[in-house]
2 protein chains.
Amino acid sequence: MTLSTQPYKGARDFYPEDMRLQKAMFAHMREVAERFGYEEYTAPILEPTELYLAKGNQEIIDNETYTFKDRGDRMVTIRTEMTPTVSRMVAGRRQELAYPLRWYSIPNLWRYERPQRGRLREFWQPNFDLFGVEGVEGDHEVILVADQIMKSFGAKADEYSIQISSRKLIDELFGSYLGLDHTQRDTLIRLVDHMKKMEHSEFIAQADALLTPSQREAGILDSLQQLLKARRLEDLPAGFDMNPHVLRLKQLLSLLRENHVKNCIFDMTLMRGFDYYTDMVFEVFDTDPENNRSMFGGGRYDGLVGLFGVEPVPTVGFAMGDATLQNFLESHELLPKLHSETDAYAILIGDNMYEKAQHAIMELRKMGLNVAVDSTGRKLEKQIRTAVKKSIPYVIFIGEAELASEQFKLRDLSTGVEETHGPQRIVSIVRDRRHASKLPTEDDSEDDGDLLEI
Amino acid sequence: MTLSTQPYKGARDFYPEDMRLQKAMFAHMREVAERFGYEEYTAPILEPTELYLAKGNQEIIDNETYTFKDRGDRMVTIRTEMTPTVSRMVAGRRQELAYPLRWYSIPNLWRYERPQRGRLREFWQPNFDLFGVEGVEGDHEVILVADQIMKSFGAKADEYSIQISSRKLIDELFGSYLGLDHTQRDTLIRLVDHMKKMEHSEFIAQADALLTPSQREAGILDSLQQLLKARRLEDLPAGFDMNPHVLRLKQLLSLLRENHVKNCIFDMTLMRGFDYYTDMVFEVFDTDPENNRSMFGGGRYDGLVGLFGVEPVPTVGFAMGDATLQNFLESHELLPKLHSETDAYAILIGDNMYEKAQHAIMELRKMGLNVAVDSTGRKLEKQIRTAVKKSIPYVIFIGEAELASEQFKLRDLSTGVEETHGPQRIVSIVRDRRHASKLPTEDDSEDDGDLLEI
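Residues numbered from 1 in each chain as written. Chains lettered and ligands numbered in written order. Predicted model: local features only at pLDDT ≥ 70, side-chain atom pairs only at ≥ 80, totals over all residues.

**With respect to the overall build of chain A**
Going by this rule: Runs of H or I in DSSP of at least four residues are treated as helices and runs of E of at least two as strands, each being numbered from the N terminus. The exposure label follows from counting other C-beta atoms within 10 Å of a residue's C-beta, where the C-beta atoms are placed from the backbone and the thresholds are 20 or more for buried and 12 or fewer for exposed, leaving partly exposed in between.
The secondary structure content of chain A amounts to 16 helices and 18 strands. Principal-axis analysis of the C-alpha atoms places the extent of chain A at approximately 95 × 60 × 50 Å. In chain A, which comprises 454 residues, the proportion classed as buried is 44%.

So this is what it looks like as structure tokens:
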């Protein structure tokens, strides 16, 4: 029997060139998060299934997760999102931790679904959460971090938009303003959440169907349609200009504009799927007309930590999937060009040079150079081709004469130019090149004001 | 029902302070590996169970792994080691890849076992492999990488030893020299592998039991005992001094000594559990008499890639578990002292300062400082205590007067000293401290020659 070389369906192998890209993406996120004082954590990839039952339901667990019984008869689930896990961890040390907590993690997650573009069974989803800040400052900070991450990749303000809403405001608009009861409100929230994916007439029919005859007579459907047309907080019905949730959203938008985040807008139709959001929600959209869709988002979930029987902690956070982000960077031509981490390929000239060259090669490494040595003894041309294929920028030739004179020939593989230098000079040439080829992050075509230099 | 805050049994939550240590350990490994030209890869945590059946057996899969049927009726296993996966990946692109390949990965792995010190159900096990080098140069390189990793943590040559053997040599010694057949040889290999864990008399009895009467009469048991006493290659029976496997081991030891690896020795009794090793094997031992045990190891496995129906690739590599390494670093007092990644905690003086302070805080971040802002509005003393508890080294106070003068009070939380400076000066003070508190890696008490500066 021949074994298959394919990875498990819907999951990806990351060969070094794929890994390099993933690492570069995550390095940006890490650096931005740490600039704001976020600290990394992680947790086991297996969780007791109960954790997901608390705010999910058995059907989703059965159909969309990797859940199985362990050898001790415990039901376990491969984590499908990080929010229940991080809430568990905070609850586990509720009293000892020093708030506010700024935590991030870059977990891989698994969902059992039909693999398609941007939807995989295994994916990575960096999570950023702020625990212990009740006020609008918390909402502001996490959106600012999300925006800074986008900018750190070189994304321009017109290439994405940040849409913001408030669950509490929606509850008041659908509840006390439209006069819907709890069940109607929850149904309508789910309906609006799917609105953009259905025909408008279908949406209207379904919205109408959830009203009582007296609500229909009172013209609630018209009021709803009017409401959904609001493009700014100012478009909301009279009397809402002093509503506390409206004021808080206004303050949030103003704080963000203060930080040069110009592409954030109130979006009446933004609901976010998860049940656990309690107040502000936001989503970042790709504005490309070819690919106009939600990339990632988050919001405030003040109730989750309390599920573990401890005093609740106000929490706000977001998570961004790796595949969606990568699609965005590809389609906007923002993917960084990445070299090998290896600076130079040492090629040995003559026989039995491996042992003799050790000292010189280790000296280069000690000076900070990443040097791979070709120890195969193949023809020189073959060795050089190997370096090119690996996208290693330089070759260093080492033979008896070079060791005696401590002068080595350095070939720049992109230009073919050869120079002969001592080890110190070689290290400085190669290091200069390495620094010059770092990811482009400075936004030089637009004055974005608050761009971090990563 | 109250949800448990405990992680799944035998697996660990990594709170930021735990994560910091894990990241520091892995950062050392990454840097050393990259100095030698190794490139990082990764792969899905779920693998088709067939992958482990190829060189394992059903019983181990049933009893010691997390194996289950997915919703499409495929048997899948949470990876238990990385070697089958990396072999699969290399086989999958056998023709396209440019050899030699130097690959490393830092996977988490799962084994179903009774949790105990240094043995967990979920653990991380960095893997380093070199594909495409048949000669002793490959054996030399991976052991040198392992040694450099140990040294990068500050481990001294007398705190660990590197024991080396050769499966091919053992096969000849047990086969043509002692005259054992294949089955006897394999049994004896397993017996010697467990020798140190049993009474000597028990070992002798079991060794005797596997011999035939005529072998007993020929004094094979005495020859075996004599053989196992060999402490150096020179102690092997006459005639083995020109044996090609002995010569290769001699060359390997000599190459390593050339690189100042003084603590490597030939060990006749070193077998290594896995079936897939084909030639050189090595293990790194903790020499602490309190904890004298194998920490990690590896060897040459030239046959695995070929199992996938492609042309075989000579391969040599090793893997080191995170928990074992951490135990070693703890017991030898080599654990680095780690600060928070956050450089400074911004404390706002006066009311409604959050919005006004944004610009100044973002300026500090743009200059490279990791700044967390306390937006809780609590009493100053509480905010300062929070910074101390988070082991953030500095506090920056920001009020109206500071913003107007662009001069901020900086308090060093370790000394209590306060100084007032402009943003530039603050950044340079804090950054100097950050660099000064990097991990100690320079080995200053011993001349180890080839130590990399990480």
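**A look at the relation of the copies chain B and chain A**
Convention followed: For the least-squares superposition of copies, only C-alpha atoms count, and only for residues with pLDDT at least 70 in both.
Mapping chain B onto chain A leaves a residual RMSD of 0.0 Å; the transformation is a rotation of 180 degrees accompanied by 0.0 Å of translation along its axis. Such a turn and shift between the copies fits a two-fold axis. Ranked by how close their C-alpha atoms come to the rotation axis, the residues of chain B are headed by Phe-68 of chain B, at 3.4 Å.

**Let's talk about the sheet that holds strand β15 (residues 371-374) of chain B**
All names here are of chain B. Keep this limit in mind: Any two strands are treated as partners once DSSP identifies two or more bridges connecting them. Simply put, an axis is a line fit to the C-alpha atoms, just over the touching stretch for a helix, and the angle between two N-to-C directions goes from 0 to 180 degrees. Two residues qualify as being in contact provided that their C-beta atoms, derived from the backbone, are within 7 Å of each other.
Overall, mixed pairing links the 5 strands, which are arranged β15-β14-β16-β17-β18 in an open sheet. In this open sheet, the two edge strands, each paired with only one partner strand, are β15 and β18 (418-421). Recorded for the sheet is a direction-independent mean angle of 25 degrees between the axes of neighbouring strands. Running at roughly 155 degrees to strand β14 (residues 344-348), helix α13 (residues 353-366) makes contact with β14, β15 and β16 (394-398) of the sheet. Its contacts with the sheet place helix α14 (residues 380-389) against β14, β15 and β16, and it is angled at close to 170 degrees to β14.

**Re the packing of helix α1 (residues 16-35) of chain B against helix α5 (residues 136-152) of chain B**
Residue and element names in this part refer to chain B. Convention followed: Every angle not falling under 35 degrees, over 145, or within 65 to 115 is termed oblique; those three ranges are roughly parallel, roughly antiparallel and roughly perpendicular. When the near helix sits turned anticlockwise from the far one by under a right angle, the crossing is termed left-handed; a clockwise turn instead gives a right-handed crossing. The nonpolar class holds Ala, Val, Leu, Ile, Met, Phe, Trp, Tyr, Cys and Pro. Asp, Glu, Lys and Arg form the charged class, and all remaining residues, Gly among them, are polar.
Contact geometry for α1 and α5: axes closest at 9 Å, N-to-C directions at 135 degrees. One way to sum up the angle between α1 and α5 is to call them oblique. Between α1 and α5 lies a crossing whose hand is right-handed. Note on element contacts: α5 touches α1 through Val-145, Gln-148, Ile-149 and Ser-152, opposite His-28, Met-29, Val-32 and Ala-33. For the contact of α1 with α5, a count of residues per class yields 5 nonpolar, 3 polar and no charged.

**Remarks on helix α12 (residues 322-331) of chain B**
All names here are of chain B. Stated precisely, the cut-off is as follows: The arc refers to the directions leading from the helix axis to the C-beta atoms.
Looking at α12, one finds that the buried residues are Asp-322, Thr-324, Leu-325 and Phe-328. With its buried residues spanning 165 degrees around the axis, α12 presents them on a single face. Along its buried surface, α12 packs onto α1, β7 (122-124), β11 (280-286) and β12 (294-300). Residue Glu-333 follows α12 closely and has a positive phi angle near 55 degrees.

**Digging into the pairing of strand β15 (residues 371-374) of chain A**
Residues and elements named next belong to chain A. What counts is decided by this rule: Note on handedness: a crossover is taken as right-handed if, strands pointing away from the viewer, the path from the first strand over the helix to the second is clockwise.
Because side chains alternate across β15, one face comprises the buried residues Val-371 and Val-373, and the other comprises Ala-372 and Asp-374, equally buried. Relative to β15, strand β14 (residues 344-348) runs parallel, the two being bridged by 4 bridges. Among the inter-strand pairings, Tyr-345 is bridged to a residue of β15, identified as Ala-372. Handedness of the crossover is the feature at issue here: the chain leaves β14, passes through helix α13 (residues 353-366), returns alongside β15, and the resulting connection is right-handed.

**Overview of the interface of chain B and chain A**
By a widely used convention, the size of an interface equals the accessible area lost when the partners come together. Contact residues are listed per partner, giving 79 residues for chain B and 79 residues for chain A. A total of 6 residues in the side of chain B that touches chain A trace back to one element, the largest contributor, which is α13 of chain B. Each residue belonging to the side of chain B that touches chain A can be placed in one class, and the counts come to 35 nonpolar, 20 polar and 24 charged.

**Here we look at unusual backbone geometry**
Residue and element names in this part refer to chain A. Residue Pro-100 is reached from Tyr-99 by a cis peptide bond, and omega for that bond is -5 degrees. With respect to the helices and strands, the residue Pro-100 is situated in the loop between α4 (83-92) and β5 (101-105). The backbone phi angle of Asp-73 is positive, close to 65 degrees, even though this residue is not glycine. Along the chain, Asp-73 turns up in the loop between β3 (67-69) and β4 (75-78). For Asn-352, which is not glycine, the phi torsion reads 50 degrees and is therefore positive. Here Asn-352 shows up in the loop between β14 and α13. Under the C-beta neighbour-count criterion, Asn-352 is labelled exposed, with 10 such atoms within 10 Å.

**Regarding the sheet that holds strand β8 (residues 127-131) of chain B**
All names here are of chain B. Here we have 8 strands laid out as an open sheet, ordered β1-β5-β8-β13-β12-β11-β9-β10, and mixed in their pairing. Each of the sheet's edge strands pairs with one partner strand only, and the pair in question is β1 (39-40) and β10 (264-266). Direction of pairing for strand β5 (residues 101-105) relative to β8: antiparallel, over a ladder of 5 bridges. For Tyr-104, the partnering residue across the bridge sits in β8 and is Phe-128.

**Notes on the pairing of strand β16 (residues 394-398) of chain A**
Residue and element names in this part refer to chain A. The buried count for β16 comes to 5 of 5 residues, which makes it a mostly enclosed element. Residues Tyr-394, Ile-396 and Ile-398 line one face of β16 and the alternating positions Val-395 and Phe-397 line the opposite face, and both faces are buried. Summarising the sheet, β14 and β16 pair through 5 bridges and their orientation is parallel. Paired with Ala-346 across the bridge in β16 is Ile-396.

**Quick notes on the nonpolar core**
Our working rule: Joined through C-beta atoms within 7 Å, a set of buried Ala, Val, Leu, Ile, Met, Phe, Trp, Tyr and Cys residues constitutes a nonpolar core.
Val-90, Val-145 and Ile-164 of chain A together with Ala-344, Ala-346 and Ile-396 of chain B are the most contacted members of the largest nonpolar core, which has 106 residues in total. Per-element accounting of this core gives the leading share, 8 residues, to helix α5 (residues 136-152) of chain A. Beyond its immediate chain neighbours, meaning those up to four positions away, Val-145 of chain A contacts Val-32, Ala-33, Phe-36 and Phe-128 of chain A. Counting 104 residues, the second-largest nonpolar core is a separate cluster that includes Phe-174, Leu-180, Met-271 and Ala-319 of chain B.

**Concerning the packing of helix α6 (residues 167-177) of chain A against helix α7 (residues 182-193) of chain A**
All names here are of chain A. Look at α6 against α7: their axes get within 10 Å of each other, and the N-to-C directions meet at 120 degrees. In terms of orientation, α6 lies oblique with respect to α7. For the crossing formed where α6 meets α7, the hand is right-handed. Facing Ile-170, Asp-171, Phe-174 and Gly-175 of α6, the residues of α7 in contact are Arg-185, Leu-188 and Ile-189. Split by residue class, the contact of α6 with α7 holds 4 nonpolar, 1 polar and 2 charged.

**Quick look at the environment of His-339 of chain B**
Position of His-339 of chain B relative to the elements: it lies in the loop between α12 and β14. Given 16 C-beta atoms within a 10 Å radius, His-339 of chain B is considered partly exposed.

**Examining the environment of Val-86 of chain A**
Within the secondary structure, Val-86 of chain A is located in helix α4. By the C-beta count within 10 Å, which is 26 here, Val-86 of chain A ends up buried.

**Remarks on the confidence of the model for chain A**
All names here are of chain A. The criterion, for reference: A score between 0 and 100, pLDDT records how confident the predictor is in each residue.
Per-residue confidence for chain A gives a mean pLDDT of 92, with 94% of residues at or over 70. The model gives residues 438-448 a pLDDT under 50, and that stretch makes 17 contacts with residues more than four places away or in other chains. Interface predicted TM-score (ipTM) for the complex: 0.93; the corresponding pTM is 0.93.

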